[in-house]
Amino acid sequence: MTRTVAISPFPDQKPGTSGLRKKVPLFQTPGYTEAFIQSIFDSLEGMEGESLVIGGDGRFYNRDVIQIAIRMAAANGFGRVVIGKGGILSTPAASHLIRKRQAFGGLILSASHNPGGPTEDFGIKYNISNGGPAPEKITDAIYARSRTIDRYLIAEFDDVDLDKIGDFEADGMAIEVVDPVAEYAELMETLFDFDAIRAHVAGGFRVAFDAMHAVTGPYAREILVRRLGVDPALVINAFPLEDFGGHHPDPNLVHAKQLYDQMMGPDAPDFGAASDGDGDRNLVIGRGIFVTPSDSLAILAANAHLAPGYKAGLKGIARSMPTSGAADRVAAKLGVEMHETPTGWKFFGNLLDAGRCTICGEESAGAGSDHVREKDGLWAILLWLNILAVRRQSVREIVHGHWAEYGRTYYSRHDYEALDTESANQLMAALDGKLSLLPGRKVGSLTIEKADNFAYQDPIDGSVSRNQGIRIFFEGGSRLVFRLSGTGTSGATLRIYMERYQPDPTRHDEETQSVLAPLILAARDLAEIGKWTGRDAPTVIT
Ligand code: G16
């Protein structure tokens, strides 16, 4: 039986970079979660009798929202829901399931790398039938609908047993609970040479992985340990917890410190990696060397042909605008297209669908390919392992060899978190307001060549996205980018991205922050960070 429940709209349901992310107590406000899910369904056409994939990263409140989503899917006419056992699906695994089952779309419940727990973060994102995040056209429609919504539809039936794999039925809708790992692991076996990786591991190549008590634990146990023979003692935090053990499941040098210290210490393993809350990000560290996500993208693209799934070569490479230009040099050498998109994986979907690129990546620890339409943490790790198994070199040798061939792009991101939103907006507006005055101006030892506010026209559907970050280019090839994060849940986060290209191999061993010091000073000066934020240092440096 379907019930229609009257509600008043909530004013704050604007999807950000990756869906709606808010604190759990807000999602628990009566009608809040339902209003957003109904706004999604009301923005879609033709879902009658179709399939919907539902899964989440297992964080606190995941199971409750899955039960709500199942009942609302039934009431809104879906014919089938496909759910990961225990309500768990990594984001890339959900993308794969949507594609494989030719589902109409999917609901992914995650706040990614943000902390979880009763007072922490939760998120809901809608993915379309290509398996990728809904494009802006749809997220704008969802937001517009959320401003006027006056009712939601929900079916009345008992909670579905999420822990039993199998086929069930409720209120005329088929319910399929699937193993969240099996189909994803099969896909990985088609892309990578598991025999070669297994042999390399058996020969003494030591792999460490930190699942951060997040969704990739079960995937790592199955793929890395069971199928590839990685020592289980080196796979840490491998059981998902609703609060990620009280940590941020963010694979960076701050939150994956245990792994970082291990990789920098004596007797470090040969390869260290981590993934995030929902399994779409990756962190790669070799013995004694951290690989920036921008370099990782470039190295993966340059070596992808060594893995069976990419032996035919790449159709093109895409990166988000703030990601460094390292991958551009690889594309130029390979003679393939290079695309620069705004931050957010949703912008890669059209390019991948149109066959205009094979590999995509972002500075925010994301890389992926046309195998799904999300970034994919374990995919990146397995591609690295495949490359290492074929080249039989250390991570350090591969990275330094890459720099010697292409030059090194020194790169860093400085985040100022939990700023007053109004002040952060003022800072950006003030900077935007003086862009036309900047060319030719000297800041310390640097001279500004040009400056703009990045706008992107999608080459496939022609849609235009403006105001995607302020770029300041300096003579000699250095660049600063300023933008506000679209994934935070408290106040605003200012992100400053800096890069400096160094072709000379004798200068590839310098300390990143020192190399970037002139840019760091220029950023403070140009954006008047102290004046607008009252801060004299960033909260996180990656
Ligand atoms: C999401 C998006 C990414 C984006 C990242 C950072 O990642 O999917 O495309 O790069 O947010 O966004 P921002 O700089 O706006 O915070 P995730 O892993 O959080 O889903």
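The preceding data block contains the structure.
Residues numbered from 1 in each chain as written. Predicted model: local features only at pLDDT ≥ 70, side-chain atom pairs only at ≥ 80, totals over all residues. Heavy atoms only, no water.

*Asks:* How would you summarise the environment of Arg 396 if you had to cite specific residues and measurements?
*Replies:* You can see Arg 396 is positioned in helix H14 (residues 395-406). Take Arg 396: its relative accessible area is 36%, and that puts it in the partly exposed class. Distance in space between the C-alpha atoms of Arg 396 and Val 291 is 9.0 Å, their sequence separation being 105 residues. Within the structure, Arg 396 has its side chain in polar contact with the backbone oxygen of Gly 288 (distance 2.9 Å). (Helix = DSSP H or I, 4+ residues; strand = E, 2+ residues; numbered from the N terminus. Buried < 20%, exposed > 50% of the residue type's maximum accessible area, 1.4 Å probe, protein only. Polar contact = N/O pair within 3.5 Å; in protein donor to acceptor, adjacent residues only side chain to side chain.)

*Asks:* Tell me about the pairing of strand S17 (residues 359-362), residues and numbers included.
*Replies:* Both faces of S17 are covered, namely the face carrying Ile 359 and Gly 361 and the face carrying Cys 360 and Glu 362. Both strand S15 (residues 316-320) and S17 contribute to a ladder of 3 bridges, which runs parallel. Within S17, the residue paired with Ile 317 across the bridge is Ile 359. Relative to strand S18 (residues 366-369), S17 runs antiparallel, the two being bridged by 4 bridges. Residue pairing in the sheet places Ile 359 in a bridge with Ser 369 of S18. The turn linking S17 back onto S18 is made up of 3 residues, and Ala 365 within it adopts a positive phi angle of 65°. (Pairing = 2+ DSSP bridges.)

*Asks:* How would you sum up the environment of Arg 483? Please name residues and give values.
*Replies:* Its location among the elements puts Arg 483 in strand S25 (residues 479-484). Residues Arg 483 and Ser 95 lie 388 residues apart in sequence; the distance between their C-alpha atoms is 28 Å. Every residue in contact with Arg 483, bar those within four places of it in the chain, is listed here: Thr 17, Pro 322, Thr 343, Met 428, Gln 468, Gly 469, Thr 493, Leu 494, Arg 495 and Tyr 497. For Arg 483, the side chain forms a polar contact with the side chain of Tyr 497, separated by 2.9 Å. (Contact = heavy atoms within 4.5 Å.)

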